[in-house]
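Listed below are the residues making up each chain.
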Protein chains: 2
Amino acid sequence: MPPLLDWDHGRVEMSHGGGGRAMARLLAALFLPAFDNPALRQGNDQAQLPLPTGGRLALSCDAHVVTPLIFPGGDIGSLAIHGSINDVAMAGADPLWIAASFILEEGLPLSILRRIVLSMGQAAKAAGVPVVTGDTKVVERGKADGMFISTTAVGVVPEGVHLSGDGMRPGDRLLLSGSIGDHGVAVLSCREGLGFETAIVSDSAPLHTLTAAMVRAVPQGLRCLRDPTRGGLASTLHELAAQSGVALRLREEAIPLRPEVSGACELLGLDPLYIANEGKLIACCAPEHAEELLAVMRRHPLGRQAAIIGEVLKGAPGVRMVTRTGGERLVDWLTGEQTPRIC
Amino acid sequence: MPPLLDWDHGRVEMSHGGGGRAMARLLAALFLPAFDNPALRQGNDQAQLPLPTGGRLALSCDAHVVTPLIFPGGDIGSLAIHGSINDVAMAGADPLWIAASFILEEGLPLSILRRIVLSMGQAAKAAGVPVVTGDTKVVERGKADGMFISTTAVGVVPEGVHLSGDGMRPGDRLLLSGSIGDHGVAVLSCREGLGFETAIVSDSAPLHTLTAAMVRAVPQGLRCLRDPTRGGLASTLHELAAQSGVALRLREEAIPLRPEVSGACELLGLDPLYIANEGKLIACCAPEHAEELLAVMRRHPLGRQAAIIGEVLKGAPGVRMVTRTGGERLVDWLTGEQTPRIC
């Protein structure tokens, strides 16, 4: 466990933004009590909000600080669009609009700014989710790192759809839409100059048409959806296990992993279970619907490699994994900051 | 006029974030075409969006980069809450929810983080607009400046209310809810160590109950509302004049200005017309409703010093001012960056 927070002498550390235990602790000790309200208490990556005019909104917000700004398979602009769409889509909602704010560092070449903003506009257009309002600020040279983009997506949740991370029940199946680690390894290999750029590209993609197909196909049996971004598959499953109060058991051999990504992780000393993804989702569904859901996912271009990777068990919240050799091991929370500024 | 943008060799400059002409040009040349859509084209500080379930949302987004983080009368946390509420309130909307993202610099004392987050929570609670979703990221020491906060507010526009910056007509009256320059001078004097801190405090405040009273009182005659933040009263009036295609004429003697703020501006070599406000609004209304609207504003605690400061004329878009001595002068756009990182 990371040390308790020392409010008098402590300082913000990189691990407080890593998606693991230190971040969870900072959120639980400070942000959640300071802003406490029922929507925030839902504990999902988006808030689901009853409109006074009827219906429910899904609202989600992300700051993007990825470095480098442009990486194999994407850039901070397209990533911001995809990330916000996905967080809203994980509520089963139709994303409708995005708000975007930009913090620019004095001295950023206009050529880079233009490339990123145009890419962002194209990503929004391709996804059919327009950026409808925004803000730009500039800070002095050395007070930011090129540019940061915060995006907020607004969606509408279809009637009858109620997905939440606290909905998992023993017996449910866990599905994953495709291979893990691609985004994180693409960014890291580019950053480290490892030359994997041609082989490994980010999986950054908008998942809302995939989730819409899944919600339509299995309106009752689907319990929850979540995208395993910062902190990777392992940390996201820990969040879900804690939220639902269940134990999760994975089968290592069922988890899709590209050989190039596996090799790069070995070289970099990283565990792909903790590496961020930006175009993948975890689904939990009732066992009798698992095969049907899997088939629907595999028919979608972004779910061709989908797999049933595990199941939900009774027991203390946690994550275990049956290894390739048939043993079983604990999969811990991410401790510390494995891959800083990956999104 | 600032120079044209050189996409090949140009760089982001502080003036691109200043709220004046250079920023307007960057928005017009890059951001607006890249994201082009009808909501963005409205050109207001918030997007007004028709919900598929009926009714209209107002959505607004701001990045906050003020320095110092804590200043007389507020801090970056309460400022972020007030700023986002106000942008939505200027559509005549009821603000309902806020999404917030935090970019933290490694090494920021936890004591400061806690103070700001608690202040932000209190501001949200006092205004009755909860922070329902959020995100935190951490960047390395030297890659940010303490902390940045981006907030997005969501509101619902009451039926029949249609306020937009393009609604002004010749003959309309311009009203201002109170004195100008307080926020900007409070931040600057604190930054420069000028010792005005006890005399001048930020006017940072949520204006949604004031706007609600105004909309109720004058449902037909009210044309538009806008808060004169970055760029100050002058730049905001220029935006409105351009949007409506009208000329505006102010009376200098009618513009509320505290003597302390006036004195500090003289000392700092600043023009209060260009200084940011965070708890004031400009209203434009039909002449026959101006006195009634003024009375409503003065009955509200945040509008006690409200005044009719000018009128709308036919003519080329621009702003003129009848000075105290009876002459008339042009009030230009803000050129360059008068007060960087004021919000």
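Provided above is the structure to which this section pertains.
Residue positions are counted from 1 within each chain, in the order its sequence is given. To label them, take the chains in the order written and letter them from A, then take the ligands in the order written and number them from 1. A pLDDT threshold of at least 70 governs which residues receive local features in this predicted model, and a stricter bar of 80 or more applies before side-chain atom pairs are shown or counted, although totals over entire chains, interfaces and linings include all residues. Based on all heavy atoms of the structure, the side-chain values leave hydrogens and waters out of the count.

Visitor: In this structure, what is going on with the overall build of chain A? I would like to understand it.
Guide: Runs of H or I in DSSP of at least four residues are treated as helices and runs of E of at least two as strands, each being numbered from the N terminus. When its secondary structure is counted, chain A shows 9 helices and 14 strands. Atoms counted for the radius of gyration: C-alpha only. Globule rule: 2.2 Å times residue count to the power 0.38. Its C-alpha radius of gyration of 19 Å places chain A within 12% of the 20 Å reference for a compact globule of 343 residues. Projecting the C-alpha coordinates of chain A onto the three principal axes gives extents of approximately 55 × 55 × 50 Å. Throughout this description, buried means an accessible area under 20% of the type-specific maximum (1.4 Å probe, protein chains only), exposed means over 50%, and partly exposed covers the range between. Every one of the 343 residues in chain A was classed for burial, and the buried ones make up 62%. Considering only contacts within chain A whose residues lie at least 6 apart along the sequence, 83% involve residues at least 24 apart. Roughly 12,200 Å² of accessible area belongs to chain A as shown, and the carbon and sulfur atoms make up 51% of that amount. Counting rule for charge: Lys and Arg are taken as positive, Asp and Glu as negative, and neither His nor the chain ends is counted. To locate a charge, take atom NZ for lysine, CZ for arginine, CG for aspartate or CD for glutamate. Positive and negative side-chain charges of chain A, numbering 30 and 36 respectively, have mean locations separated by a distance of 3 Å. Contacts were defined at the residue level, with two residues in contact if any of their heavy atoms lie within 4.5 Å. Reported accessibility uses the Shrake-Rupley method at a 1.4 Å probe radius. Residues are deemed covered only where the shown protein chains occlude them.

Visitor: What is the right way to read helix H8 (residues 259-268) of chain B from this model?
Guide: Two residues of an α-helix separated by three or four positions point the same way, owing to the 3.6 residues in each turn. Residues and elements named next belong to chain B. Of the residues making up H8, those classed as buried are Val-261, Ala-264 and Cys-265. Looking down the long axis of H8, one finds its buried residues gathered within 100° of arc, a one-sided arrangement. Turned more than 90 degrees away from the buried face of H8 sit Pro-259, Glu-266 and Leu-267, all of them exposed. Its buried side turned inward, H8 meets helix H5 (182-191). Positive backbone phi, approximately 70°, marks Gly-269, located one or two places after H8. Throughout, the arc means the angular range of directions from the helix axis out to the C-beta atoms.

Visitor: What is the right way to look at the packing of helix H5 (residues 182-191) of chain A against helix H8 (residues 259-268) of chain A in this model?
Guide: Two packed helices can be described by the angle between their axes and the distance between those axes. Residue and element names in this part refer to chain A. Contact geometry of H5 with H8 gives a least axis separation of 10 Å together with a crossing angle of 55°. With respect to H8, the axis of H5 lies oblique. Crossing handedness for the pair H5 and H8: left-handed. Counting all contacts with H5, which are made through Asp-182, Val-185 and Leu-188, the residues of H8 involved are Val-261, Ala-264, Cys-265 and Leu-268. Any residue that is not Ala, Val, Leu, Ile, Met, Phe, Trp, Tyr, Cys, Pro, Asp, Glu, Lys or Arg is counted as polar, Gly included; the first ten are nonpolar and the last four charged. For the contact of H5 with H8, a count of residues per class yields 6 nonpolar, no polar and 1 charged. Simply put, an axis is a line fit to the C-alpha atoms, just over the touching stretch for a helix, and the angle between two N-to-C directions goes from 0 to 180 degrees. Should an angle fall under 35 degrees it is taken as roughly parallel, and over 145 as roughly antiparallel, whereas 65 to 115 is taken as roughly perpendicular and any remaining angle as oblique. Less than a right angle of anticlockwise turn of the near helix away from the far helix marks a crossing as left-handed, whereas a clockwise turn marks it as right-handed.

Visitor: Would you mind showing me how to read the interface of chain A and chain B here?
Guide: When the parts come together, some accessible area is lost, and that loss is often what is quoted as the size of the interface. Counting residues at the interface gives 80 residues for chain A, matched by 80 residues for chain B. Between chain A and chain B the total buried area reaches about 7,200 Å² when both faces are included, carbon and sulfur atoms providing 71% of it. In what follows, salt bridge is the name for a side-chain nitrogen of Lys or Arg lying within 4 Å of a carboxyl oxygen of Asp or Glu. Linking chain A with chain B are 6 salt bridges. Side-chain atoms alone can form a polar contact between residues adjacent in sequence; in general such a contact is a pair of N or O atoms within 3.5 Å, and within protein one must be able to donate a hydrogen while the other accepts it. At the junction of chain A and chain B, the tally comes to 26 residue pairs in polar contact (both at pLDDT 80 or more). For the side of chain A that touches chain B, the secondary structure elements donating two or more residues are helix H1 (21-35), helix H2 (38-41), strand S1 (47-50), strand S2 (56-64), strand S5 (94-105), helix H4 (110-127), strand S6 (131-139) and strand S7 (147-157) of chain A. Split by residue class, the side of chain A that touches chain B holds 47 nonpolar, 18 polar and 15 charged. A quick way to say it: buried area is the sum, across both parts, of accessible area lost when two parts are put together, with a 1.4 Å probe.

Visitor: Sorry, what's going on with the relation of the copies chain A and chain B here?
Guide: One chain copy maps onto the other through a rotation about an axis and a shift parallel to that axis. A least-squares fit on C-alpha atoms brings the copies together, and the residues used are those whose pLDDT is at least 70 in both copies. Here chain A sits on chain B after a turn of 180° about the axis and a move of 0.0 Å along it, with an RMSD of 0.0 Å. In the structure described here, the two chain copies are related by an operation that fits a two-fold rotation axis. Using C-alpha coordinates, one finds that chain A approaches the rotation axis most closely at A:Ala144, a distance of 2.1 Å. Both copies share a contact surface, since 100% of the interface residues of chain A are interface residues in chain B too.

Visitor: Which parts of the structure should I look at to understand the pattern of salt bridges?
Guide: Opposite charge on two side chains allows them to pair when their charged atoms are near. According to the stated counting rule, one finds 30 salt bridges over all chains in the structure shown. Between B:Glu140 and A:Arg341 there is a salt bridge, with its nearest N and O atoms 2.7 Å apart. Taken together, the residues B:Glu140 in the loop between strand S6 (131-139) and strand S7 (147-157) and A:Arg341 in the segment after strand S14 (328-330) connect one chain to another. For A:Arg341, a relative accessible area of 5% gives the class buried. Close ionic contact of B:Arg21 with B:Asp332 constitutes a salt bridge, the shortest N to O distance being 3.6 Å. You can see B:Arg21 sitting in helix H1 (residues 21-34) and its partner B:Asp332 sitting in the segment after strand S14 (328-330), a full 311 residues away along the chain.

Visitor: So what exactly am I meant to see when it comes to the pairing of strand S13 (residues 318-322) of chain A here?
Guide: Successive side chains on a regular strand alternate, one facing one side of the sheet and the next facing the other. Residue and element names in this part refer to chain A. Between any two strands, pairing holds if DSSP finds at least two bridges. As defined by bridge partners, strand S10 (residues 247-251) adjoins S13 across 5 bridges and the pair is classed as parallel. Among the inter-strand pairings, Arg-249 is bridged to a residue of S13, identified as Arg-320. Of the pairings in the sheet, the one linking S13 to S14 comprises 3 bridges and is antiparallel in character. When the sheet's bridge partners are listed, Met-321 is paired in S14 with Arg-329.

Visitor: Would you explain the sheet that holds strand S5 (residues 94-105) of chain B in this entry?
Guide: Each strand in a sheet pairs with another by means of backbone hydrogen bonds, the pair being arranged parallel or else antiparallel. All names here are of chain B. Read from one edge of the open sheet, 5 strands run S1-S2-S7-S5-S6, paired in mixed fashion. Edge positions in the open sheet fall to strand S1 (47-50) and S6, since each of these has one partner strand only. Strand-to-strand twist of the sheet, defined as the mean angle between neighbouring strand axes without regard to direction, takes the value 20°. With 8 bridges connecting them, S5 and S6 associate as parallel partners.

Visitor: Is there a simple way to think about the packing of aromatic side chains in this case?
Guide: Ring pairs (aromatic) are described by centroid distance and by the angle formed between their planes. We call Phe, Tyr and Trp rings a pair once their centres come within 6.5 Å, taking the six-membered ring for Trp, and we label the pair stacked below 30 degrees between planes, edge-to-face above 60, and tilted otherwise. For the structure shown, the criterion picks out 7 aromatic pairs over all chains. Of the aromatic side chains, those joined through ring pairs into one cluster are A:Phe31, A:Phe35 and B:Phe102.

Visitor: Help me understand helix H9 (residues 290-299) of chain A, please; the structure alone is not making it clear to me.
Guide: Residues and elements named next belong to chain A. If you check which residues of H9 are buried, you get Ala-290, Leu-293, Leu-294, Val-296 and Met-297. Axial view of H9: buried residues confined to an arc of 160°, hence all on one face. In H9, the exposed positions that point more than 90 degrees away from the buried face belong to Glu-291 and Arg-299.

The quantities given are spatial measurements derived from coordinates; they are silent on function.
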